[in-house]
There are 4 protein chains.
Amino acid sequence: MSSSFGKNLHLTIFGQSHSSAIGVTIDGLPAGEEIDLERLQRFLDRRAPGGRAYATARQEADRPEILCGMKDGVTCGAPLCALIRNTDTRSGDYAPFARIPRPGHADYTAWVKYGGYQDSAGGGHFSGRLTAPLCIAGGICLQLLEREGITLISRIASIGPVEDRGALASSTAEKEFPVVDDAQGAAMQAAIAAAKAEGDSLGGVIECAVMGLPPGLGEPMFGGMESLIAAAVFAIPAVKGVEFGAGFAAAALRGSEDNDPFAVEEGRVVTTTNHCGGILGGITNGMPLVFRAAVKPTPSIAREQQSICLETLAPAPLRVGGRHDPCIVPRAVPCMEAAAAIAIYDALLERRKEKR
Amino acid sequence: MSSSFGKNLHLTIFGQSHSSAIGVTIDGLPAGEEIDLERLQRFLDRRAPGGRAYATARQEADRPEILCGMKDGVTCGAPLCALIRNTDTRSGDYAPFARIPRPGHADYTAWVKYGGYQDSAGGGHFSGRLTAPLCIAGGICLQLLEREGITLISRIASIGPVEDRGALASSTAEKEFPVVDDAQGAAMQAAIAAAKAEGDSLGGVIECAVMGLPPGLGEPMFGGMESLIAAAVFAIPAVKGVEFGAGFAAAALRGSEDNDPFAVEEGRVVTTTNHCGGILGGITNGMPLVFRAAVKPTPSIAREQQSICLETLAPAPLRVGGRHDPCIVPRAVPCMEAAAAIAIYDALLERRKEKR
Amino acid sequence: MSSSFGKNLHLTIFGQSHSSAIGVTIDGLPAGEEIDLERLQRFLDRRAPGGRAYATARQEADRPEILCGMKDGVTCGAPLCALIRNTDTRSGDYAPFARIPRPGHADYTAWVKYGGYQDSAGGGHFSGRLTAPLCIAGGICLQLLEREGITLISRIASIGPVEDRGALASSTAEKEFPVVDDAQGAAMQAAIAAAKAEGDSLGGVIECAVMGLPPGLGEPMFGGMESLIAAAVFAIPAVKGVEFGAGFAAAALRGSEDNDPFAVEEGRVVTTTNHCGGILGGITNGMPLVFRAAVKPTPSIAREQQSICLETLAPAPLRVGGRHDPCIVPRAVPCMEAAAAIAIYDALLERRKEKR
Amino acid sequence: MSSSFGKNLHLTIFGQSHSSAIGVTIDGLPAGEEIDLERLQRFLDRRAPGGRAYATARQEADRPEILCGMKDGVTCGAPLCALIRNTDTRSGDYAPFARIPRPGHADYTAWVKYGGYQDSAGGGHFSGRLTAPLCIAGGICLQLLEREGITLISRIASIGPVEDRGALASSTAEKEFPVVDDAQGAAMQAAIAAAKAEGDSLGGVIECAVMGLPPGLGEPMFGGMESLIAAAVFAIPAVKGVEFGAGFAAAALRGSEDNDPFAVEEGRVVTTTNHCGGILGGITNGMPLVFRAAVKPTPSIAREQQSICLETLAPAPLRVGGRHDPCIVPRAVPCMEAAAAIAIYDALLERRKEKR
């Protein structure tokens, strides 16, 4: 058990890749909050494959049905449940993986964990498809956060060996292929196409910045913003690293370089650099909260790979058919925003308890 | 609130750097487990400053008193509470930081969060000193894990720009300065001494490997091992990044390189490489669980830094006196092990529920 | 927020009386458990109105659709989500209660809590209808408990002033109108009919016994079986009291009368009386766990009642139309079982963690 | 595990009757709240035996040491830990109960649960002594609640067969023996003395009322005030029943009698009766929240009782020596207040999250 997250905004994500439906229940949304469903749809569309060259050919409408929790377009205080029916499924494609686990996937670990009772079709509950309900919850949180002046922007920092150049800004985040340097973006897309042509796949790094956060969000120790956001972001399949501010690079700096000097700007306390990524002692300091997540290359590749048969323990070379993204990084961008938004909104609700 | 962690083994860490005592309550320890207090002390001693050149001169005996939860050296099923009295405190050293926040510390964010009521002496509840009770809890978990064949080993992967060379092994972890290549270790210590001489500080990277884990630990999505361990590790002050297996480097690999082929060895399913760090879909696959954490340089440096006065908002250059580690990385090594051990033991208890 | 329950088996109940659907997500069901859906339906049918004289005329098919969490009739380890579409709703019946709260209902408190944004139709999320998803979750738990030799039986102990006579047994629980003394049962039904004829309603007391529990379930203090079961049972609308074993009557006994002597029977430790209701120190002792819950009379009555208009604060006599049960006690019987089953199954999972 | 309680104010109670110390950690206290320790002591003194005829002769100073969480008498935002050293212990008195369980106590169930590793001296973690840290936490909450205009009053509603007469009022709660009718109070004390003289014990019922609660506290379903308060109150040893408002008596009323009509008084919505005990749909309606708890007679009695030897399973008559209260009801009064205060303060913090 732990498809559930959040202390103040509590959500449970349900569904398997090929079950009747996938969805999410969200308990703890304050009443009286308008949810713009058109806008939520546009957010979900950023995650949908949409026929782009670097995405799966599977058609996923991903139009959530809101079953409850709202009245006349406004939250009513009761838990919200949203679901998406699974329609375009081809379970047959996945039949062999029940006994011959795909390298890099959860087939083997799910088989061990659930004693062979797991629903392996399409990756079951471990499918990237389950990020759709994550994006429903996150997309709702993004709207609520924006109402308090908090916005999330993100970009593709790298794909394979190709890195973006320049600094993340709101204008970047609005691009269809969100990079600062479009030439580098073109190189990234070319790299994806090349990998695909070779039956291979690529990973990458995504960078997010949260603007407009008030200082004081986050709790000491285990409730720090780094812990909260990392716990949410690592729930996205394929994420293998998370860093905040200067992150791993900070480990090579000296204290005199890494420390962010305090200053006052327009009557507001700021820091003149932001190596801490807007977080000190786990608590927001009012500067942009910046994090990066490493996404491993899509494990489903067209090339032959070495596996074994779980029944006979004999070697079993396999070739993954089906329809797969040669690089999920572009589609993972809104997922990062969604995961971060959920964690941040939870921290925002926690913060409210401090004020009489 | 969130100095509490764990679903199945539930702990709350309490205390401020200069309060009467610091400590931890642990609820959920199974009854009948012997705790070797001598061995626990040796584990705590690895964290203690101990007069080494790279550590603070503050004398901290760090001898925990176990108030309850044990009988005749064995857990009795009731919550365990352990505390360490704070004795060698010099609160006067910290008086100015109540209004002039130290760059890189939680002084400012705590001030905002707690409306000026925080206990700022010695960093209060945000002090690195609070990792002592974390190590009590973690040291106990390490003993329980070892009883099930699970051991944690770790090393200093880098300090400042100096990187260790070679692969982590048990023999490395037993060294006083745990690096594979002792020449690199000597260079690291020289770098620390040089930084100290210049009134500056260094950070670094710590690598841990968990050996002997059964496959099947961890839960889907938010309960994955990455989420659990990252949430615990980010509770350690100064950690700014966490990665598993190939981590950020995986983002630059191709799927065909990153995927770990399955094979059978002595009747056991293994992978022939371990880029995934022993975790697939958030669940252990039986291979060593490997993670690295980036530790920023100690923010307390002897050089003058730019800050502001929170009362007047005027610029206020400050120089941090007191006694500080020029590099906390060596002392942070057992803290990483402790944080990981807590998260892993919690997952182990969770796993037991699956078996009738 | 708190339509969620359970630490080890975690469920969230969603829906409003007149929303598109109501349902429940259950996270934490062990994989490999067969769920007999026919039998689950028969359990749900015990709660359904079914055209009996003492129940509402509203037709509720209450056939749950299991969206996910199972494969081939067996749990697969992923969260289970079940929903029931709301079809036979007449929201118009409830329009006035948005501003003129019905005495004894949650109309007023929901209005305060949700600032007027609540979905008041049919009582919204506070409707007794939400016990249907509770019964889905509880009915599943009952099947899992039975597999471990644990069964729940219950009876109507009283309706209005009419009390059942004799001791609860399995044969009682199987009756359509579950009382030991059928003559008293007939008197209860006559009392319901009389109250209905007068536009009034009745309450009653339900008694449950859980047979076959192993000793050792439950945790100290806040995790005691009384706390767990009471927290679940009080979630059922209209429950105003819960007692265990001799309960309130124990308060009038002497220790020498109330204490249950220990004895050995067929090699098993038993008590020769069961005033403690199978619970000592919050932990099961292996004897039947017995509790009783007081259900207040249905607040919806046909008679004119005094209320006020929340907008004008003027007096506003009201008469509750719609279709209502003159006595919900018979339909509440399976709800008690469901609530108790959920709490007990959670305790059972907790207990498993104690065994290496 | 579950000596922990609370979602927003999270506490863990630790200690055994004869361990070095007992105490409580409280995580989530807002910063900036003054705690009057003198007043807290007076509250704890109400629970202490104090040499009265109806209480144990064991001398318990019960003077808590606040280890952390405060600065200059004011909460600082960090977890508070308070402990009471155990000094006047006579473990030898309890040696036999490790294998011959006392009827009515947790000796047997703890033995099963903890496999014989429990600390049975003095009842271990199941001792009534553990209500002292409960009262520390509750006494702090009472001060915080009072600051928001919320007060708790209580009385002894009955002891054995002797019932108090009249309605609970603030003046009642202030008496040393809190009953409305002092003649009945004298009869109660006489009944206790008589039971004691016969080596026996008595139970009773305690009634609490919470005044000044704002409407809107409590959450739907499992988060209702009844669920929260019952879960806390059942943590007090010997409590076997909890009811709200008319409680079990409501089950015998008709809807037309039980429903509380709404009215307006001084511009405020009120009900003209209070059968619901101030709670509708789990949520406070602004009227006094009234509950009663049944306390079973002290299980430790001087008479010979039937037990068995857990090692040999042979019958083993036993006589409980040691020093025991012939009736714990008077000392349990502040414990009820403490438990309720904790639950209510948690609900108050939850409520704050609803307001932007």
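Given the structure is predicted, the values throughout are model-derived calculations rather than measurements.

Some words on the sheet that holds strand β3 (residues 21-27) of chain C
Residue and element names in this part refer to chain C. With antiparallel pairing, five strands are arranged side by side in an open sheet as β1-β2-β3-β7-β4. The two strands at the open ends of the sheet, each matched to only one other strand, are β1 (4-5) and β4 (65-68). Pairing of β3 with strand β7 (residues 80-85) involves six bridges; the strand directions are antiparallel. Along β7, the bridge assignment pairs A21 with R85.

Focus: the relation of the copies chain D and chain C
Superposing chain D onto chain C takes a rotation of 180° plus a shift of 0.0 Å along the axis, which leaves an RMSD of 0.0 Å. Such values leave the two copies arranged in the relation of a two-fold axis.

Points about helix α8 (residues 329-352) of chain B
Between its first and last C-alpha, α8 of chain B extends 35 Å over 24 residues, near the 34 Å set by a 1.5 Å rise per residue. Judged by how many residues are buried, α8 of chain B sits mostly within the fold: 24 of 24 residues are covered.

A look at the side chain of T75 of chain C
By the secondary structure assignment, T75 of chain C is in strand β6 (residues 74-75). By relative accessible area, which is 1% here, T75 of chain C ends up buried. Here P30 of chain C takes part through its backbone oxygen, which lies 2.6 Å from a polar atom of the side chain of T75 of chain C. Beyond its immediate chain neighbours, meaning those up to four positions away, T75 of chain C contacts Y117 of chain A together with L29, P30, A31, G32, E33, I35, G69 and M70 of chain C.

Describing the pairing of strand β11 (residues 239-244) of chain A
Burial runs high along β11 of chain A: six of the six residues are buried. In the sheet, β11 of chain A pairs with strand β16 (residues 289-295) of chain A via five bridges, with the strands oriented antiparallel. Pairing of E243 of chain A across the sheet is with R292 of chain A, part of β16 of chain A. Where β11 of chain A meets strand β11 (residues 239-244) of chain B, three bridges bridge the pair, whose relative direction is antiparallel.

Remarks on the packing of aromatic side chains
In the structure shown here, the tally under the stated rule is 22 aromatic pairs over all chains. Ring geometry for F222 of chain A versus F5 of chain B: centroids 4.9 Å apart, planes at 35°, classification tilted. Separated into two different chains, F222 of chain A in the loop between β10 (204-211) and α6 (225-233) and F5 of chain B in strand β1 (residues 4-5) make up a pair that spans both. You can call F5 of chain B buried: its relative accessible area is 11%. Ring plane angle 40° and centroid distance 6.1 Å describe the contact between F244 of chain A and F291 of chain A, whose orientation is recorded as tilted. Here F244 of chain A, found in strand β11, pairs with F291 of chain A, found in strand β16; they are 47 residues apart in sequence, far enough to count as distant. Take F291 of chain A: its relative accessible area is 0%, and that puts it in the buried class.

Notes on helix α5 (residues 182-197) of chain A
All names here are of chain A. Here α5 is 16 residues long and its end C-alpha atoms lie 22 Å apart, about the 22 Å a rise of 1.5 Å per residue gives. All of the buried residues along α5 are Q184, G185, M188, A191, I192 and A195. Angularly, the buried residues of α5 cover 115° about the axis, an arc narrow enough to put them on a single face. Seen from the open side of α5, the exposed residues pointing more than 90 degrees away from its buried face are A183 and A197. Those residues of α5 that are buried lie in contact with β8 (151-159) and β9 (162-163). The backbone nitrogen of A183 lies 2.9 Å from a side-chain oxygen of the residue at the head of α5, namely D181.

Remarks on unusual backbone geometry
One non-glycine residue, M221 of chain B, lies in positive phi territory at about 50°. Of note, M221 of chain B is situated in the loop between β10 (204-211) and α6 (225-233).

A word on the interface of chain D and chain C
Counting residues at the interface gives 98 residues for chain D, matched by 98 residues for chain C. In total, about 7,800 Å² of surface goes out of reach between chain D and chain C, with carbon and sulfur atoms giving 64% of it. The largest share of the area that chain D buries against chain C comes from F222, K240 and F262 of chain D, three residues that together contribute 11% of it. The tally of links from chain D across to chain C stands at 10 salt bridges. Across the pair D200 of chain C and R254 of chain D runs a salt bridge whose closest N-O atoms are separated by 3.9 Å. Our count for the contact surface shared by chain D and chain C stands at 39 residue pairs in polar contact (both at pLDDT 80 or more). Partitioning the side of chain D that touches chain C into residue classes produces 52 nonpolar, 28 polar and 18 charged.

Re the packing of helix α6 (residues 225-233) of chain C against helix α6 (residues 225-233) of chain D
Geometry of a packed helix pair, given as the angle between the helix axes and the separation of the axes. Two elements in contact, α6 of chain C and α6 of chain D, have axes whose closest approach is 8 Å; the angle formed by their N-to-C orientations is 175°. Taken together, the axes of α6 of chain C and α6 of chain D are roughly antiparallel relative to one another. Together, S227, A230 and A231 of chain C of α6 of chain C and S227, A230 and A231 of chain D of α6 of chain D make up the contact between the two elements. Class assignment of the residues belonging to the contact of α6 of chain C with α6 of chain D gives a composition of four nonpolar, two polar and no charged.

Observations concerning the pattern of salt bridges
All told, the structure shown has 102 salt bridges over all chains when counted by the stated rule. Residues R47 of chain D and D62 of chain D are paired through a salt bridge, measuring 2.9 Å at the closest nitrogen-oxygen approach. Of the two residues, R47 of chain D sits in helix α1 (residues 37-47) while D62 of chain D sits in the loop between α1 and β4 (65-68), which places them 15 residues apart along the sequence. Side by side, R47 of chain D and D62 of chain D carry an identical accessibility label, which is buried. As a salt-bridge pair, R352 of chain D and E148 of chain D come within 2.8 Å of each other at their nearest N and O atoms. Remark: E148 of chain D occurs in the loop between α3 (131-146) and β8 (151-159) and R352 of chain D occurs in helix α8 (residues 329-352); sequence separation between them is 204 residues. It is possible to trace a salt-bridge network through shared partners that takes in R155, D164, E207, E243 and R292 of chain A.

Concerning the relation of the copies chain A and chain B
The operation relating the two chain copies consists of a rotation about an axis and a shift along that axis. Structural alignment of chain A on chain B gives an RMSD of 0.0 Å, achieved by rotating through 180° and translating 0.0 Å along the axis. Comparing interface residues between copies, 100% of those in chain A also sit at the interface in chain B, which points to an isologous, same-surface contact.

What about the sheet that holds strand β8 (residues 151-159) of chain C?
On the basis of which strands lie adjacent, the open sheet formed by 10 strands has the order β9(C)-β8(C)-β10(C)-β16(C)-β11(C)-β11(D)-β16(D)-β10(D)-β8(D)-β9(D) and antiparallel pairing. Each edge of the sheet is formed by a strand with only one pairing partner; in this case those strands are β9 (162-163) of chain C together with β9 (162-163) of chain D. Together, β8, β10 (204-211), β11 (239-244) and β16 (289-295) of chain C form the strand contacts of helix α8 (residues 329-352) of chain C, whose direction differs from that of β8 of chain C by roughly 140°.

Here's the deal with the environment of P49 of chain C
All names here are of chain C. Turning to its location among the elements, P49 is positioned in the loop between α1 (37-47) and β4. Given the relative accessible area of 1%, P49 is considered buried. Considered as a pair, P49 and F5 are 44 residues apart in the sequence and their alpha carbons are 26 Å apart.

A look at the interface of chain A and chain B
The figure often quoted for interface size is the accessible area lost as the parts come together. With 98 residues of chain A in contact, the opposing surface of chain B contributes 98 residues. Of the roughly 7,800 Å² buried where chain A meets chain B, counting both sides, 64% is carbon and sulfur surface. Sorting the residues of chain A by area buried against chain B places M221, F222 and K240 of chain A first, and these three jointly supply 11% of that buried surface. The tally of links between chain A and chain B comes to 10 salt bridges.

Points about the confidence of the model for chain A
Summary statistics for chain A give a mean pLDDT of 93 and a share of 94% for residues scoring 70 or more. As a predicted assembly, this complex carries a pTM of 0.96 together with an ipTM value of 0.96.

Describing the packing of α6 of chain C against α8 of chain C
Residue and element names in this part refer to chain C. As a packed pair, α6 and α8 sit with axes 8 Å apart at the nearest point and diverge in direction by 140°. Compared by their axis directions, α6 and α8 come out oblique. Handedness of the α6/α8 crossing: right-handed. The segment α6 lies against α8, with M225, L228, I229, A232 and V233 engaging M336, A339, A343, I344 and A347. Residue composition of the contact of α6 with α8, by class: 10 nonpolar, no polar and no charged.

Here is what the cut-offs are and how they apply
Residues numbered from 1 in each chain as written. Chains lettered and ligands numbered in written order. Predicted model: local features only at pLDDT ≥ 70, side-chain atom pairs only at ≥ 80, totals over all residues. Heavy atoms only, no water. Pairing = 2+ DSSP bridges. Helix = DSSP H or I, 4+ residues; strand = E, 2+ residues; numbered from the N terminus. Least-squares fit on C-alpha atoms with pLDDT ≥ 70 in both. Expected span 1.5 Å × (residues − 1). Buried < 20%, exposed > 50% of the residue type's maximum accessible area, 1.4 Å probe, protein only. Polar contact = N/O pair within 3.5 Å; in protein donor to acceptor, adjacent residues only side chain to side chain. Contact = heavy atoms within 4.5 Å. Phe/Tyr/Trp six-rings, centres within 6.5 Å; stacked < 30°, edge-to-face > 60°. Arc of directions from axis to C-beta. Buried area = accessible area lost by both parts, 1.4 Å probe. Salt bridge = Lys/Arg side-chain N within 4 Å of Asp/Glu carboxyl O. Nonpolar A, V, L, I, M, F, W, Y, C, P; charged D, E, K, R; others polar. Axes fitted to C-alpha atoms, helices over the stretch in contact; angles between N-to-C directions. Parallel < 35°, antiparallel > 145°, perpendicular 65-115°, else oblique. pLDDT = per-residue confidence, 0-100. Left-handed = near helix turned anticlockwise from the far one by under 90°.

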